[in-house]
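# Descriptive analysis of the structure
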Amino acid sequence: MKYTDDYNAKFKIWAEERKVHPLPEFEFPFKIESRKFNSYKEFDDWKTDLVKRIAKAGGLRWKK
């Protein structure tokens with residue numbers, strides 16, 4: 001069976017390779033404070049505002 005026909009092929013490939021790929025790191029243009037939310041709506045509103053703030057600041061910058 002070809003990998004393209006197998007839905008679980010990615011797991012086989014990952015198991016055979018045995019290499020942990022690092023995730024890319026980026027710098028925020030401002031500090032994000034930790035906080036707790038009382039509801040999912042409040043959390044979603046915060047995320048929407050965060051995305052708007054990041055876009056207004058010019059986006060994220062990747063670390064080198």
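In this report, the structure presented in the accompanying data block is examined. Keep in mind the model is a prediction, meaning the values are calculated, not measured.

### Some points on the pattern of salt bridges
Evaluated as defined, the whole model comprises four salt bridges. R35 is the partner of E42 in a salt bridge, and the nearest nitrogen-oxygen pair spans 3.1 Å. A relative accessible area of 25% places E42 in the partly exposed class. In this structure R35 comes out as partly exposed when scored by relative accessible area, which is 45%.

### Observations regarding the environment of W62
Structurally, W62 is set in strand β2 (residues 61-62). Along the primary structure W62 and T48 are separated by 14 residues, whereas in three dimensions their C-alpha atoms are 21 Å apart. Contacts of W62, omitting those with residues within four sequence positions, involve P24, E25 and F26.

### Section: a nonpolar patch on the surface
Where nonpolar side chains cluster on the molecular surface, the patch consists of F26, F28, I32, L60 and W62 and spans about 450 Å² of accessible area. Overall, W62 belongs to the exposed group, its relative accessible area being 56%.

Parameters at a glance
- Residues numbered from 1 in each chain as written.
- Predicted model: local features only at pLDDT ≥ 70, side-chain atom pairs only at ≥ 80, totals over all residues.
- Heavy atoms only, no water.
- Salt bridge = Lys/Arg side-chain N within 4 Å of Asp/Glu carboxyl O.
- Buried < 20%, exposed > 50% of the residue type's maximum accessible area, 1.4 Å probe, protein only.
- Helix = DSSP H or I, 4+ residues; strand = E, 2+ residues; numbered from the N terminus.
- Contact = heavy atoms within 4.5 Å.
- Patch = residues over 30% accessible without salt bridge, like charges linked within 9 Å, V, L, I, M, F, W, Y side chains within 5 Å.
- Areas by Shrake-Rupley, 256 points an atom, 1.4 Å probe, with all protein chains shown as cover.

Worth remembering: the numbers are spatial, not functional.
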